[in-house]
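Letter by letter, the chains look like this.
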Amino acid sequence: MTRFARTVAAVALTTALALVAGCGGSDSDAGTGEDGKALKKVTYLTSFGNFGRDAYAWVAKDKGFFEQAGFDVEIKPGQGTGGVIPAVVSGQAQFGPIDLTGGLLHMGSGQAKDFVAVAAIQQHTMAAIATTEGNGIATPKDLEGKRLADTPGSVVRNLFPTYARLAGVDADKVTWVNGDAQTLMGTLASGSVDGIGQFVVGRPTIEAVTKKKAVLLPYSDVIPDLYGNVLITSKKIAEQDPEMVKQFTTALLKGLEYSLANSKEAAEILGRNVDATNPTAAAAELDLMAEYVTPGGSGTAIGTLDSARVARSIAILERAGALRQGMSPEQIIDFDLVPKA
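Rules used in this analysis
Position numbers for residues start from 1 in each chain and track the written sequence from start to end. Where totals are concerned, whole chains, interfaces and linings use all residues; where local detail is concerned, this predicted model gives features only for residues with pLDDT of at least 70, and gives and counts side-chain atom pairs only at 80 or more. Note that water and hydrogens are dropped before the side-chain values are worked out from all heavy atoms of the structure. For every residue, the accessible area (1.4 Å probe, protein chains only) is compared with the maximum for its type, and the residue is labelled buried under 20%, exposed over 50%, or partly exposed between those bounds. For the purposes of this entry, the term helix denotes a DSSP run of H or I that reaches at least four residues, the term strand denotes a run of E that reaches at least two, and both are numbered from the N terminus. This arc describes the spread of directions from the helix axis toward the C-beta atoms. Contacts: residue pairs with any heavy atoms within 4.5 Å of one another. Note on definitions: the grid is 1 Å and covers protein atoms alone; a cavity is a set of points where a 1.4 Å probe fits but cannot get out; a pocket is an open set with protein on both sides within 12 Å along at least five of seven lines; lining residues have an atom within 4 Å of a point. Grid points are joined across faces, edges and corners, and a volume is the space filled by probe spheres set on the points. Two strands form a pair only when DSSP identifies at least two bridges running between them. To define axes, lines are fitted to C-alpha atoms, for helices over the stretch in contact only, and angles between the resulting N-to-C directions are given on a 0 to 180 degree scale.

Draft legend 1. Geometry of helix α11 (residues 263–273). When we look at burial in α11, the residues that qualify are S263, A266, A267, I269 and L270. Mapping the buried residues of α11 onto a view down its axis gives an arc of 160°, with all of them on the same face. Facing away from the buried side of α11 by more than 90 degrees, the exposed set consists of K264 and R272. On its buried face, α11 sits against α2 (55–62), α10 (242–261) and α12 (279–293).

Written as structure tokens, this is what we have:
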């Protein structure tokens, strides 16, 4: 074969491989890792848009943690618990974080099944109602008569009746309207709503967008002992490829730990991948999130989940009438796959 012919053949082969990789599904392989083995293509959804709190996934990709574990990961913005669960169950994505309480509510009501949690992202819930000074909201009772926005399936919205009941708020006097993860803060800034569903770490971004001081009503003030986000996958993947789940989880948590220790760098990495990023606000979100991931003095390792504590969370929701009786932690968590303390 002439040099020209070999060159043409090589180019054709490279093009063909690129087309195959681009068209392949989530179960296909693409590229090779440092050991020469094919990388497993995985789609990962963030919890809620592309804010600083989700930068750790981009860090895990940028730092090569995913590749070292054997994965070629595509990261897409999630739309909260109600959006991530069906995407993972249907196979549109293989992994994504959801709020554990939101997952319990979806599973308990029959809205969703066939997914399992395999690691904790935050050891305590970060759910909150967020507003700004001047909107007349300083206490939970002030929410009555107000207009709030959030995505339909978000944990803040789904858990609100329980929060309202325990906080002494008449939930029927609060109006909820639908919003999108990426535009909620703009909606608040425009004044078309009085408050939004948000995580407590959203404070810096809210203030950057609205140019006003943020006011937050954390759910954890009223509903203690609830976990925050957990990493989920489908029951099918957990059962058929548990080692793959463990490897992915380890790589993601490595990105989480690095991000908390290097928040400014993590924010810069997010900014290189997401144009709308405010690096200062993103870094501040990660700094605020640190205490939720590794509570000081608790000795809790990143990613662990405690069955007894999940059972207490279930009991809280059952007593509030938000969850049917009889659910167990094992229905939503695969403790064989959860990182050990």
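Draft legend 2. Expanded view of the layout of surface pockets. Each pocket or cavity is described by its volume, and for the second largest pocket that value is around 210 Å³. Forming the walls of the second largest pocket are 15 residues, and the residues nearest its centre are F51, T205, A276, T277 and N278. Elements that contribute at least two residues to the lining of the second largest pocket include exactly α8 (203–210) and α12.

Draft legend 3. Representation of the sheet that holds strand β6 (residues 96–99) within the structure. The three strands lie next to each other as β6-β13-β7, forming an open sheet whose pairing is antiparallel. Here the strands that pair on one side only, and so sit at the sheet edges, are β6 and β7 (115–120). Across this sheet, the average inter-strand angle for adjacent strands is 45°, counted without regard to direction. Strand direction decides the pairing type here: β7 and strand β13 (residues 229–234), joined by five bridges, are antiparallel. Residue A117 lies in a different strand from β13, and its bridge partner there is I232. Where α10 meets the sheet, it contacts β7 and β13, and its direction lies at approximately 40° from that of β7.

By themselves, these observations are geometric and do not establish any function.
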